[in-house]
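Per-entry structural report
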Amino acid sequence: MKVLPFKIPKPENNALIYQEDIAVVFYDKLHQHDEIQISFIEKGNGTLLVGDLISSYTENDIFIIGSNLPHAFKSDKNTKTTSKMLSLFFTETSFGETFFSLNEFAEIYSFFSKSLQGFAVTTNKTKIANSFLRMKKASKLDRFVLFLEILKLISVSKSVALSNFV
């Protein structure tokens, strides 16, 4: 299966991209992009392809997909129900070359190495989901604060790797 390169639409001067996908079918082409993707499935279910993994996804799942890791969310086409996914997109250098290298971020360093294979969060999902839901009406500054909160929560959560790709 061919992996399509994909450019995340990025408004000028935005380092963090917040996106709501609301559709019967998500973008289901196997693709990759430079940005790390953190996604919360608010509603819907289907098949997840990440690297060499084929799995399922359902409501309240939280996935982290690393930079240039091939992936696709294939919604269940037998349903007429609208699916909803909230996502954040960013790179390790979105906020400056050394931002995430600061000592203040030591407790989230493992996030970036784990993201290379992609992973699913298995604990603290309600707290992370609530932070995502608060983003809907948040200002850009508040979204950035919520983003840091989400990173911290993910970093202390249990997780399972999604792929053997590295």
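Small disclaimer: the values here were computed from a predicted structure and weren't measured.

Side chains I62 and I64 of strand β7 (residues 62-65) all project onto a buried face; the interleaved residues F63 and I65 project onto the opposite face, where all are buried too. As judged from the two bridges shared by β7 and strand β10 (residues 119-121), these two strands associate in the antiparallel manner. The residue of β10 that forms the bridge with F63 is A120.

Okay, the pattern of salt bridges next. One pass over the full model with this rule turns up four salt bridges. Salt-bridge contacts for K125 lead to D61; the nearest nitrogen and oxygen are separated by 3.5 Å. Taken together, the residues K125 in helix α2 (residues 125-135) and D61 in the loop between β6 (53-57) and β7 connect sequence positions 64 residues apart. The shortest N-O distance in the salt bridge between R134 and E149 comes to 3.5 Å. On the criterion of sequence distance, the pair formed by R134 in helix α2 and E149 in helix α3 (residues 140-155) is long-range, its members being 15 residues apart. Note on E149: relative accessible area 30%, which makes it partly exposed. Among the charged side chains, a network of salt bridges with common partners joins E42, K84 and K136.

What follows deals with the packing of aromatic side chains. To describe a pair of aromatic rings, one takes the distance between the centres and the angle between the planes. Inspection of the entire model under this criterion finds 18 aromatic pairs. Here the aromatic rings of F95 and F99 are separated by 5.5 Å at their centres, their planes lie at 55°, and the arrangement is tilted. The class of F95 is partly exposed, set by a relative accessible area of 21%. Each ring, one from F99 and one from F100, has its centre 5.1 Å from the other, and the planes form 80°; the classification is edge-to-face. Among the aromatic residues, those joined into a ring-pair cluster are F90, F95, F99, F100, F105, F111, F112, F119, F144 and F147. Over the ring of F119 we find K114, and its NZ or CZ is 4.5 Å from the ring centre.

This paragraph deals with the confidence of the model for the chain. Looking at the chain, pLDDT values average 90 and 91% of them are 70 or higher. Averaged pLDDT values over the elements of the chain bottom out at 56 in strand β1 (residues 4-5) and peak at 98 in β7.

By secondary structure assignment, the location of H71 is in strand β8 (residues 71-75). Within the structure, the side chain of H71 is placed 3.1 Å from the side chain of Q37, a separation counted as a polar contact. With residues near it in sequence (within four places) discarded, H71 still touches K29, L30, H31, Q32, H33, Q37, L49, V50 and I65.

This part is about the sheet that holds strand β9 (residues 83-90). Strands sit in the order β2-β9-β4-β7-β10-β11 across an open sheet of six strands; the sheet is antiparallel. In this open sheet, the two strands that pair with only one neighbour each are β2 (17-23) and β11 (159-161). With direction set aside, neighbouring strand axes in the sheet form an average angle of 20°. Here strand β4 (residues 36-43) pairs with β7 via four bridges, running antiparallel. The residue bridging S39 from the neighbouring strand is F63, located in β7. Along the sheet, α3 contacts β2, β4, β7, β9 and β10; its crossing angle with β9, the most-contacted strand, is approximately 95°.

Reading guide: rules and limits
Residues numbered from 1 in each chain as written. Predicted model: local features only at pLDDT ≥ 70, side-chain atom pairs only at ≥ 80, totals over all residues. Heavy atoms only, no water. Buried < 20%, exposed > 50% of the residue type's maximum accessible area, 1.4 Å probe, protein only. Helix = DSSP H or I, 4+ residues; strand = E, 2+ residues; numbered from the N terminus. Pairing = 2+ DSSP bridges. Salt bridge = Lys/Arg side-chain N within 4 Å of Asp/Glu carboxyl O. Phe/Tyr/Trp six-rings, centres within 6.5 Å; stacked < 30°, edge-to-face > 60°. Lys NZ or Arg CZ within 6 Å of the ring centre and 35° of its normal. pLDDT = per-residue confidence, 0-100. Polar contact = N/O pair within 3.5 Å; in protein donor to acceptor, adjacent residues only side chain to side chain. Contact = heavy atoms within 4.5 Å. Axes fitted to C-alpha atoms, helices over the stretch in contact; angles between N-to-C directions.

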